[in-house]
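# Notes for the structure review
The lines below spell out each chain.
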Amino acid sequence: MTDTEDPLIAALPPATDYLTYLTILEYQLTPARLPTLHKLLQDETLTTNIGWDLVQLLLPMLPQSSECLQDIARLGNPREVILRVSDALMKLQPDDEDEEEDIGDTGEGSSVQETQEMDGSLPRHILKFNCLMAMLSVLHRRIQTKSPSRFIATSLQAALEAYTLMPTNETTIALLEFFRDVAPSKRPAPPPRAASESSILRVSEASAPDPEAEAQSTAPSSNDETILVRKFLQFGLIELLKSYLLSFSSPMDSGMSWAIRLQEKLRPNLCIPGRESQTDVYTSTKHLKERDLIMAKITALSRDFGLDDKQLLAIVSQPSESHPPPLDFDEPPKNPEDIPLERHGSLLLLAARAAVAELFSSGQVTPIAVFPDLAQLFSNFVGGFKTPDEVAFGQPQPLLDSLLTLTVFSMENAIGEPSSETEFNNFVLELTACTARQNYSTLRQIPSTIIHSHPSEVTRFKLIRKVLEDDTLLTAKDSAIGWLKDEILATTEQTPESSIFQDSHYFSVLFPLLFNSTHLFLDVSSEIVASWIKFSQTLTPSIHAALGLYYVIVSSPKLRERLQLEKTYLSFRNRFLEPLKSLCHAFEADLMDHGGEGRIQSAVGEDMVEVGMARSVGVVSHTLEQVEDTVGDAFVLSDKELQEPNADDIARVDAIQKETAP
């Protein structure tokens, strides 16, 4: 086909007007004709008049249309094109590439989809996003205005709207590159280090000047405008970080694992010899290593944008009700102070900066005192829960990991003393809620360090009693039993007069709470499935912990005598041990392998029953056998010969119950 026969050339203005020419392009433009359009768009006059209307037409033809879209960004009217690019971002959806788009033959006998598969390109929605962000970078550099923040706000809203739907490594780097490009002051772009950086489009050709440039506005007219642009970028960076980290919230995703990696570095003695550490996993796994590189970029940009730890700490230290409403892009602020930085994102950034600084020796970590500062953070973000599982399952893992990251750092310094029992209790319970469902035992043990740091044994005792007594804290009960065991073992060499944790009367206050039989009376006749689920998922941890504590005490002649287990043995056996054995036997008797009806297996499946029985009934039954064997050796007297609490014991226990009521 000759040039005169090509409709794109034959209809060029002035042969037709611009509106007619756009209509011809809409019907005649195919991927095969994109090289021709690319040549035609070098005409600045033509591109200025039609470029803004070609954005939506060219986007579906990516990646072949990339050069044409770059031409439009370089030579089109930047004020008009920027609106079309923002509009395209607002409409962008992650499933765009799945839509059937008949855009014709490529001229080489293959469809666009096949071409994408052959060249190994990214999904089309990511290609679109990255291309649009590259266009925005060029367009913002071209616009000469006294109020660049007005255009930044428009682009930022659109970019974040699209990004939150597709926070991949590639889109994250593209958006970070845009932030760097439009920043009032910036460093040169660092050399690419992450594989996903290869997807970034950088336009190197010269751009046309702004045809509507405002007089004497080659730079922002006031320092306030520069500050306003920077504040918008701070806002955008924090929103990006929040979306990026929340994309790792699925149960099977390890996220950033900052807290455990920091523990491994700061407390290497806690690492289990022979087991691969999380630090090693992140060093050797490609996609996890890339996450670290991206986080390093985010934290570096945050410093370039003037965000400091003091500012972030001030934001997260405010209660949620004290924070302003979200940014309203319909009426962009003209005062930097009116652009709020979102508190959850600020917390994530504070933790990210601390983690990156320590893990990669790339800066200083601002210490946060446990009391009152860290305690206030926990109160602001996870305080006021009804049950610990509201936090463990109701809050995203990146938030919990960030709070624990700051905790690991804070505990490197002296923990200090809380201002009140209430502050201490609330912090320990909130911290326990955050750690209770963590995969790593060293993280789950963090609250024990805090509770044992309190100088008052009575305060520590009262908190343990509170957890054991409060049914809403049932999922934290095994943690409290662990704290009690640590206290008892740590004071073994002390006398009852010097430590209440060696006093049999104080132990007797906790005894009925440790071995509470009310939870064991489950309906195993008509509701055996629901009873088994409750036992295996909710009751087993605390029952197993309580049996383990009893086994430790009864195995030690010194502790057995000092805590006078003999006086409580009959109650323990009749009210707890026997009902527990009966319950376990009932669950086992339902199994088809044991001749049962198999109601549990029918309801939840054989595989789940096998795993669940092993982790609940199996574990508890094994510990029961150990306890019974040890008790048989410890208490050889007949029931009538065993000691029981006397009147003085009962009076003293009643007095302690009143004195230590939570």
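In this text, all values refer to a predicted model and were calculated from it rather than measured experimentally.

About the cut-offs
Residues numbered from 1 in each chain as written. Predicted model: local features only at pLDDT ≥ 70, side-chain atom pairs only at ≥ 80, totals over all residues. Heavy atoms only, no water. Helix = DSSP H or I, 4+ residues; strand = E, 2+ residues; numbered from the N terminus. Rg over C-alpha atoms; globule rule 2.2 N^0.38 Å. Buried < 20%, exposed > 50% of the residue type's maximum accessible area, 1.4 Å probe, protein only. Contact = heavy atoms within 4.5 Å. Areas by Shrake-Rupley, 256 points an atom, 1.4 Å probe, with all protein chains shown as cover. Domains from an automatic or database assignment. Salt bridge = Lys/Arg side-chain N within 4 Å of Asp/Glu carboxyl O. Phe/Tyr/Trp six-rings, centres within 6.5 Å; stacked < 30°, edge-to-face > 60°. Core = buried A, V, L, I, M, F, W, Y, C linked by side-chain atoms within 4.5 Å. 1 Å grid on protein atoms, 1.4 Å probe; cavity = no way out; pocket = protein on both sides within 12 Å on 5 of 7 lines; lining within 4 Å. Points joined across faces, edges and corners; volume = space filled by probe spheres on them. Nonpolar A, V, L, I, M, F, W, Y, C, P; charged D, E, K, R; others polar.

Each helix and strand in the protein chain was counted, giving 32 helices and zero strands. A compact globule built from 662 residues should have a C-alpha radius of gyration of about 26 Å, whereas the protein chain, at 33 Å, is more than 25% larger. Overall, the C-alpha framework of the protein chain stretches about 115 × 60 × 45 Å when taken along its three principal axes. The buried share of the protein chain, taken over its 662 residues, is 51%. Taking all contacts inside the protein chain whose residues are at least 6 apart in sequence as the whole, residues at least 24 apart take part in 80%. Counting every atom, the protein chain has about 30600 Å² of accessible surface; 50% of that belongs to carbon and sulfur.

Before going further, it helps to examine unusual backbone geometry. Trans is the prevailing form of peptide bonds, just as negative phi is the prevailing case for residues other than glycine. A cis amide bond, omega 15°, links Pro 13 with the succeeding residue Pro 14. Looking along the chain, the bond that leaves Leu 62 and enters Pro 63 is cis, with omega of 5°. Assignment of secondary structure puts Pro 63 in the loop between helix H5 (55-58) and helix H6 (66-75). A positive phi angle, close to 50°, is found at Ser 257, a residue other than glycine. In this fold, Ser 257 is placed in the loop between helix H12 (223-246) and helix H13 (258-266). Although it is not a glycine, Gln 564 adopts a positive phi angle of roughly 50°.

It is worth spelling out the domain arrangement of the protein chain at this point. As assigned here, the protein chain comprises domain 1 (7-94 + 123-186 + 223-247), domain 2 (367-496) and domain 3 (503-661). Averaged C-alpha coordinates put domain 1 and domain 3 at centres separated by 67 Å.

This next bit is on the pattern of salt bridges. Summed over the entire model, instances satisfying the criterion amount to 25 salt bridges. The shortest N-O distance in the salt bridge between Asp 71 and Arg 74 comes to 3.0 Å. In this pair, Asp 71 and Arg 74 both sit in helix H6, three residues apart, roughly one turn of the helix. Take Arg 74: its relative accessible area is 7%, and that puts it in the buried class. Note that Arg 437 is salt-bridged to Asp 389, the shortest N-O span being 3.0 Å. One end of the pair, Arg 437, is in the loop between helix H21 (421-435) and helix H22 (441-444); the other, Asp 389, is in helix H19 (residues 388-392), and 48 residues separate them in sequence. What makes Asp 389 partly exposed here is its relative accessible area of 21%.

Per the counting criterion, the structure on display carries 20 aromatic pairs. Centroid distance Phe 515 to Tyr 550: 5.6 Å. Interplanar angle 90°. Geometry classified as edge-to-face. Of this pair, Phe 515 sits in the loop between helix H26 (504-514) and helix H27 (528-555) while Tyr 550 sits in helix H27, placing them 35 residues apart in sequence. Judged by its relative accessible area of 1%, Tyr 550 is buried.

The biggest cluster of nonpolar side chains holds 189 residues, and the ones touching the most others in it are Leu 89, Met 135, Phe 179, Phe 535 and Tyr 550. At twelve residues, the largest contribution of residues to this core is made by H27. Filtering out sequence-adjacent residues up to four positions away, Leu 89 remains in contact with Phe 129, Leu 132, Met 133, Leu 136, Ala 158, Ala 159 and Ala 162.

Applying the stated rule across the entire model yields three cavities of 30 Å³ or more. If you add up the space inside the largest cavity, you get close to 110 Å³. In terms of lining, the largest cavity is formed by 13 residues, of which the most central are Leu 350, Ala 354, Val 365, Thr 366 and Leu 406. Broken down by class, the residue content of the lining of the largest cavity amounts to eight nonpolar, three polar and two charged. The calculated volume of the second largest cavity comes to roughly 80 Å³. Residue lining of the second largest cavity: Leu 474, Lys 477, Leu 514, Asn 516, His 519, Leu 520, Leu 539, Ser 542, Ile 543 and Phe 576, and that is the complete set. In terms of residue count, H27 provides more of the lining of the second largest cavity than any other element does, three residues in total. Its residues placed into classes, the lining of the second largest cavity shows six nonpolar, three polar and one charged.

As a further point, take the layout of surface pockets. Approximately 1400 Å³ is the volume found for the largest pocket. Every residue lining the largest pocket is counted, 35 residues in all, and those nearest its centre are Ala 436, Arg 437, Arg 444, Asp 478 and Pro 541. Within the residue set of the lining of the largest pocket, elements represented by two or more residues are H21, H22, helix H25 (477-490), H27 and helix H31 (606-634). A total of ten residues in the lining of the largest pocket trace back to one element, the largest contributor, which is H27.

With respect to the helices, strands and loops of the structure, Phe 248 is situated in the loop between H12 and H13. With 81 residues separating them along the chain, Phe 248 and Pro 167 place their C-alpha atoms 9.8 Å apart. Apart from residues no more than four positions distant in its own chain, Phe 248 is found in contact with Asp 253, Gly 255, Met 256 and Arg 291.

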